[in-house]
Amino acid sequence: WSFDGQVGSLSVTRAADDNPLLVVSQPGGQYVMLDCEHWLSRHKAESASAESQRVPSSVYSLVQSKHHPEAPTEVVGSLRCAGSSVPSNLVALATLNGRITLLKNNEVQWQLHVGHQLFSLTKMDVTGDGADEVVACGWDGFT
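Report on the accompanying structure. Please read these numbers as outputs of a predicted model, since none were measured by experiment.

## Some thoughts on the pairing of strand 5 (residues 73-77)
Within strand 5, five of the five residues are buried, which leaves the element mostly enclosed by the surrounding structure. The side-chain alternation of strand 5 yields two buried faces, one formed by Thr73, Val75 and Gly77 and the other by Glu74 and Val76. Bridge count for strand 5 against strand 6 (residues 90-95) is five bridges, and the pairing is antiparallel. Along strand 6, the bridge assignment pairs glycine 77 with valine 91.

## Thoughts on the environment of serine 120
Take serine 120: it is sitting in strand 9 (residues 118-124). Given the relative accessible area of 27%, serine 120 is considered partly exposed. When the C-alpha positions of serine 120 and threonine 73 are compared, they lie 8.8 Å apart, and in sequence the two are 47 residues distant. Residues within four places of serine 120 in sequence aside, it is in contact with Glu74, Val135, Ala136 and Cys137.

## Points about the nonpolar core
With 11 residues, the main nonpolar core is built from Val76, Leu79, Leu90, Ala92, Ala94, Ile100, Leu102, Val114, Leu118, Leu121 and Ala136. Where this core is concerned, the elements lending two or more residues are strand 6, strand 7 (99-104) and strand 9. At three residues, strand 6 tops the list of elements feeding residues into this core. In contact with leucine 118, other than residues within four places in its own chain, are Ala94, Thr95, Leu96, Gly98, Arg99, Ile100, Ala136, Cys137, Gly138 and Phe142. Judged by nonpolar contacts, the second largest core, of nine residues, contains Leu21, Tyr31, Met33 and Leu103.

## Some remarks on the sheet that holds strand 8 (residues 107-113)
Within the open sheet, the four strands sit side by side as 5-6-7-8. Their pairing is antiparallel. Here the strands that pair on one side only, and so sit at the sheet edges, are strand 5 and strand 8. Each neighbouring strand pair of the sheet contributes to a mean axis angle of 15°, computed without reference to strand direction. Across six bridges, strand 7 lies against strand 8 in antiparallel orientation. Note that in strand 8 the partner of arginine 99 across the bridge is histidine 113.

Rules of the game
Residues numbered from 1 in each chain as written. Predicted model: local features only at pLDDT ≥ 70, side-chain atom pairs only at ≥ 80, totals over all residues. Heavy atoms only, no water. Buried < 20%, exposed > 50% of the residue type's maximum accessible area, 1.4 Å probe, protein only. Helix = DSSP H or I, 4+ residues; strand = E, 2+ residues; numbered from the N terminus. Pairing = 2+ DSSP bridges. Contact = heavy atoms within 4.5 Å. Core = buried A, V, L, I, M, F, W, Y, C linked by side-chain atoms within 4.5 Å. Axes fitted to C-alpha atoms, helices over the stretch in contact; angles between N-to-C directions.

Taken by themselves, the reported measurements are silent on function.
Now the structure itself:
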């Protein structure tokens, strides 16, 4: 695969049909979802031929800001919900310009803009309820 901009981070999540997806964050709040199952099946089928075809992927843009088109973006996927023993298809994104977005099936569930430059994103069960919380870190020490 080849991408137009700098890759911020990579994460794995699941599609609605439970197939694995690789999520690649791109500048400006954009991300690419790569269907790993589709790629593997095509790769195996084409391994005997010398010519490889391009695998379809989906490119999404959440931030339509003219002011921050190159803002680095971080991503974390497969967030665990309370009461579930398996990871969900929830994905969180954070941008350097301070936007945190939660997605489910590529639809925005919520967005939050904080007054900090966010550069790191992870997930962990902070409250002990079995669900993952999204943890973001800013350049000024805000977490």
